[in-house]
Amino acid sequence: MALTTLDARTALVVIDLQKGIVGAPTTPYTGAEVVARSVELADAFRSHGLPVVLVRVSAAADGADAVPGRNETQGRTGARPEGWDVIVDELSGHPEDITVTKRNWGAFYGTDLDLQLRRRGITQVVMTGVATSIGVESSARAAHEHGYHVTLATDAMTDLDVEAHRNSVERIFPRLGETGTTEEITELLAKTRAR
């Protein structure tokens, strides 16, 4: 579905743009490109008085709050570097922004994200971040299941694997909401707020 509208109460939800993640080798966009486009969107949302939610993933040093369960991939071992879970400087420093800390892939389960959005009357979310097929897709699925209109800024997200990114953008996201570029979203935001 092409991008059609942005509700009067729309929030930007930025997934995992933090110091320990944006430097990873990502594709089809670099972490720096995703940060720059997310900053552009955040500035536009702030200028219209709309909420910006910065979601970060964190974990206890001893792994006590790690998601349990067996899987077929090697999990992370060892301590993470100091400050790995700090939101990147380009997005931080705005006291009106909402920060949500998650302990798993999705931004809704085990956090107060839904509560924060509902208290502000939010009916739609625009999502950006890393990784497309993990944190962004998990959060978009949950947003859809919670009844939010979902818009995905496809050039403001990236993945560790180009096929995983493509699968999310081409097959999964059209079933969850609408997709558009940063430019399309900022133009629609300006147009719908000019009335």
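The structure we're discussing is the one just above.
Worth saying up front: this structure is predicted, and the values here are computed from it rather than measured.

(A) Region of interest: the side chain of D97. Looking at the element boundaries, D97 is found in the loop between β2 (52-57) and β3 (98-102). The exposure class of D97 is buried, given its relative accessible area of 12%. Each residue touching D97, except ones within four places of it in the same chain, is listed here: R46, V52, L54 and L91.

(B) Here's a closer look at the sheet that holds β2. Taken together, the 6 strands give an open sheet; going across it, the order is β3-β2-β1-β4-β5-β6, and neighbouring strands pair in parallel fashion. Either end of the sheet is taken by a strand with one partner, and the two such strands are β3 and β6 (178-180). The mean inter-strand angle of the sheet, taken between neighbouring strand axes irrespective of direction, is 25 degrees. Sheet topology note: the strand β1 (residues 10-15)/β2 ladder contains 4 bridges and is parallel. Across the sheet, V13 pairs through a bridge with V53, a residue of β2. Sitting on the sheet, helix α5 (residues 182-193) touches β1, β4 (124-130), β5 (149-158) and β6, and the angle it makes with β5 is about 140 degrees.

Cut-off values and rules
Residues numbered from 1 in each chain as written. Predicted model: local features only at pLDDT ≥ 70, side-chain atom pairs only at ≥ 80, totals over all residues. Heavy atoms only, no water. Helix = DSSP H or I, 4+ residues; strand = E, 2+ residues; numbered from the N terminus. Buried < 20%, exposed > 50% of the residue type's maximum accessible area, 1.4 Å probe, protein only. Contact = heavy atoms within 4.5 Å. Pairing = 2+ DSSP bridges. Axes fitted to C-alpha atoms, helices over the stretch in contact; angles between N-to-C directions.

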